[in-house]
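In case you want the letters, here they are:
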Amino acid sequence: MGELEDAVMTRVWSWNRPVTVREVLEDLQQERSIAYTTVMTVLDNLHQKGWVRREAEGRAYRYEAVSTRAAYAAALMNDAWAQSDNPAAALVAFFGMMSDEQRGALRDAVRMVQGPETSEPATAGSAGENPGSATEGGGR
């Protein structure tokens, strides 16, 4: 997902309603020179990727965001991480760029995904653990 896709998605979220290519174009033109066909292509690509839905209105479409900014940001991070030849090193470098506040948010997010902390780390086959639980709840 490129810089222009990010800029277009930001506009779609900011209006929080279905928007036309023309509306996005006029907003983007306040910051840069860009062609109508470029914005139309970006919105079409975002539609094909499932990030926006569109509905015909006359000869044009109105586009609306399908997901939240958070889901979009997560997909961007996942794409970047998946492209690394050394994911662990990429994470270390990424964590090193974070502020203390961002690291705190990361710790909170990890706690939410892992659930309440226990005194001992759980291992597969621990007493009381459901062996099938690793695949339940969204594949985690």
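Above this text sits the structure in question.
Residues numbered from 1 in each chain as written. Predicted model: local features only at pLDDT ≥ 70, side-chain atom pairs only at ≥ 80, totals over all residues. Heavy atoms only, no water.

Draft legend 1. Quick look at the packing of helix α1 (residues 3-15) against helix α4 (residues 69-82). Contact geometry for α1 and α4: axes closest at 11 Å, N-to-C directions at 165 degrees. Taken as axis vectors, α1 and α4 run roughly antiparallel relative to one another. α4 is crossed by α1, and the crossing has right-handed handedness. From α1, Glu5, Asp6, Met9, Thr10, Trp13 and Ser14 reach across to α4, where they touch Arg69, Tyr72 and Leu76. Class assignment for the residues of the contact of α1 with α4 results in four nonpolar, two polar and three charged. (Axes fitted to C-alpha atoms, helices over the stretch in contact; angles between N-to-C directions. Helix = DSSP H or I, 4+ residues; strand = E, 2+ residues; numbered from the N terminus. Parallel < 35°, antiparallel > 145°, perpendicular 65-115°, else oblique. Left-handed = near helix turned anticlockwise from the far one by under 90°. Contact = heavy atoms within 4.5 Å. Nonpolar A, V, L, I, M, F, W, Y, C, P; charged D, E, K, R; others polar.)

Draft legend 2. Region of the structure containing the nonpolar core. Membership of the largest hydrophobic core comes to 21 residues, with the highest contact counts inside it found for Val8, Met9, Val39, Leu43 and Leu46. Mapped by element, the contributors of at least two residues to this core are α1, α2 (21-28), α3 (36-48), β3 (60-65) and α4. Top element by residues in this core is α1. It accounts for five residues. Dropping the residues within four chain positions of it, Leu43 is found in contact with Val8, Val12, Val21, Val24, Val52 and Tyr63. (Core = buried A, V, L, I, M, F, W, Y, C linked by side-chain atoms within 4.5 Å. Buried < 20%, exposed > 50% of the residue type's maximum accessible area, 1.4 Å probe, protein only.)

Draft legend 3. Representation of unusual backbone geometry in the model. A positive phi angle, near 55 degrees, is found at Asn16, a position not held by glycine. Considering the arrangement of structural elements, one finds Asn16 in the loop between α1 and β1 (19-20).

Draft legend 4. Looking closely at the environment of Met40. When you line up the elements, Met40 lands in helix α3. Given a relative accessible area of 36%, Met40 falls into the partly exposed group. For the pair Met40 and Val21, spaced 19 residues apart in sequence, the C-alpha separation works out to 5.8 Å.

Draft legend 5. Molecular detail of the environment of Trp13. Along the chain, Trp13 falls in helix α1. Taking the relative accessible area as the measure of exposure, Trp13 reaches 16% and is therefore buried. Along the sequence, Trp13 and Glu64 sit 51 residues apart, while their C-alpha atoms lie 8.0 Å from each other. What Trp13 contacts, discounting residues up to four positions off in sequence, is Ala65, Ser67, Thr68, Arg69 and Tyr72.

Draft legend 6. Representation of a nonpolar patch on the surface. Taken together, Met77, Phe94 and Phe95 make up a surface patch of nonpolar side chains, about 260 Å² in accessible area. For Phe95, the location among the structural elements is in helix α5 (residues 87-97). (Patch = residues over 30% accessible without salt bridge, like charges linked within 9 Å, V, L, I, M, F, W, Y side chains within 5 Å. Areas by Shrake-Rupley, 256 points an atom, 1.4 Å probe, with all protein chains shown as cover. Salt bridge = Lys/Arg side-chain N within 4 Å of Asp/Glu carboxyl O.)

Draft legend 7. Looking closely at α1. Between the first and last C-alpha of α1 there are 19 Å, a value that for 13 residues agrees with the 18 Å anticipated at 1.5 Å per step. Turning to α1, its buried residues are Glu5, Ala7, Val8, Met9, Arg11, Val12 and Trp13. The elements touched by buried residues of α1 are β1, α2, α3, β2 (52-57), β3 and α4. One or two residues past the end of α1 sits Asn16, with phi positive at roughly 55 degrees. (Expected span 1.5 Å × (residues − 1).)

Draft legend 8. Main features of the packing of aromatic side chains. What the rule picks out here adds up to four aromatic pairs. Among the aromatic residues, ring-to-ring pairing joins Trp13, Trp51 and Tyr72 into one connected group. Lying across the ring of Tyr61, Arg54 places its NZ or CZ 4.2 Å from the centre. (Phe/Tyr/Trp six-rings, centres within 6.5 Å; stacked < 30°, edge-to-face > 60°. Lys NZ or Arg CZ within 6 Å of the ring centre and 35° of its normal.)

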